[in-house]
Amino acid sequence: IAHPHPIPHHVSHLVIAHAIPRFRLFRALLEVIKDENKRLGLLVENVLQTAVLDKGELKLKLKSLDVHEIIEDVLNNSYVQIENKKAQIEIEFDASQSVISADKVHLSNIIYNLLDNALKYSASEPKITIFTKSDNKGVYIGVKDNGVGISKENQKRIFEKLYRVPTGNIHNVKGFGLGLSYVKAIIEKHGGNIFVESILGNGSTFTCFFPFSQIEH
């Protein structure tokens, strides 16, 4: 009977040393998948709520939230998309007061939508900056990218429902044009607003304003 050769001691340690980081990676990816499935389920609900919003019947579930924590959660849950696009993400948290009264699900989806657009509308490796600032009225959350940019003409229409900005030679952009109209509607529901600054061929910056004193619209 042939006896299997024992694995040399140094080789077994090498295998374990490589296995542990891989196990941690798989575990991290499983957590991302779990969180993404949860987020997608909530997003389906939010699409349905958008119809309710059109009727003026959407009710926000307001609570005190730290926008910096929400942004970090969105980035963690977007790990796979960021890695696939080989994107560079820079964070500039300059808001001295970062706690607002908001709906956690909708606020998370707003940031996710803006990040997703920044990733999708970049022809090469994206460089994205997510920044915050605050004044005595409220908090500003911004997403700046180095993507294809938006013409002045299209900037007037990007928040219309089902309108999609022409993407030129970017052929892999997916979606139904609901993202920005949803974002604008939910921000306004929080009593805030959204601004866009963009130069065609030279990237875009979307800035959202959320007031400290929440008055549901």
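In case you missed it, the structure is sitting above this.
Residues numbered from 1 in each chain as written. Predicted model: local features only at pLDDT ≥ 70, side-chain atom pairs only at ≥ 80, totals over all residues. Heavy atoms only, no water.

Overview of the packing of aromatic side chains
- Going through the model one piece at a time under the given rule, you end up with two aromatic pairs.
- Relative to Phe209, the ring of Tyr140 lies with its centre 4.9 Å away and its plane at 45°, an arrangement referred to as tilted. Here the residue Tyr140 occupies a position in strand 5 (residues 138–144), and Phe209 occupies one in strand 7 (residues 204–211), the gap between them amounting to 69 residues. By the burial criterion, Tyr140 is buried, and Phe209 matches it.
- Measuring from centroid to centroid gives 6.5 Å for Phe159 and Phe206, while their planes differ by 90°, and the two rings are edge-to-face. With Phe159 in the loop between helix 5 (152–155) and helix 6 (179–189) and Phe206 in strand 7, this residue pair connects regions lying 47 residues apart in the sequence. Like Phe159, the residue Phe206 is buried in the burial classification.
- The lysine or arginine in question, Lys133, covers the ring of Tyr140, its NZ or CZ lying 5.5 Å from the ring centre. (Phe/Tyr/Trp six-rings, centres within 6.5 Å; stacked < 30°, edge-to-face > 60°. Helix = DSSP H or I, 4+ residues; strand = E, 2+ residues; numbered from the N terminus. Buried < 20%, exposed > 50% of the residue type's maximum accessible area, 1.4 Å probe, protein only. Lys NZ or Arg CZ within 6 Å of the ring centre and 35° of its normal.)

As for the nonpolar core
- With 38 residues, the main nonpolar core has Leu107, Ile110, Leu114, Ile141, Ile194, Phe206 and Phe210 as its most contacted residues.
- Looking at this core, the elements that each hand over two or more residues are helix 2 (67–77), strand 3 (99–103), helix 4 (104–120), strand 4 (127–134), strand 5, helix 6, strand 6 (193–198) and strand 7.
- No other element matches helix 4, which puts eight residues into this core.
- Among residues more than four places away in sequence, those in contact with Leu107 are Leu65, Val67, Ile70, Ile100, Ala102, Ile141 and Phe210. (Core = buried A, V, L, I, M, F, W, Y, C linked by side-chain atoms within 4.5 Å. Contact = heavy atoms within 4.5 Å.)

Let's talk about the packing of helix 4 against helix 6
- Direction vectors running N to C along helix 4 and helix 6 enclose 145°, while the axes themselves pass 10 Å from each other. The hand of the helix 4/helix 6 crossing is left-handed. Packed against helix 4, whose contacting residues are His106, Asn109, Ile110, Asn113, Leu114 and Asn117, the element helix 6 presents Gly179, Leu180, Tyr182, Val183, Ile186 and Ile187 at the interface.
- When the residues that make up the contact of helix 4 with helix 6 are grouped by side-chain class, the tally is seven nonpolar, five polar and no charged. (Axes fitted to C-alpha atoms, helices over the stretch in contact; angles between N-to-C directions. Left-handed = near helix turned anticlockwise from the far one by under 90°. Nonpolar A, V, L, I, M, F, W, Y, C, P; charged D, E, K, R; others polar.)

Things to note about the environment of Pro211
- Structurally, the position occupied by Pro211 is in strand 7.
- Taking the relative accessible area as the measure of exposure, Pro211 reaches 12% and is therefore buried.
- Those residues in contact with Pro211 that sit more than four places away from it in its chain are Lys137, Gly138, His190, Gly191 and Gly192.

Considerations on the side chain of Gln155
- Secondary-structure assignment places Gln155 in helix 5.
- A polar side-chain atom of Gln155 sits 3.0 Å from the main-chain carbonyl oxygen of Ile150.
- Ignoring anything within four residues of it in the chain, the contact list for Gln155 reads Ile150, Val196 and Ser198. (Polar contact = N/O pair within 3.5 Å; in protein donor to acceptor, adjacent residues only side chain to side chain.)

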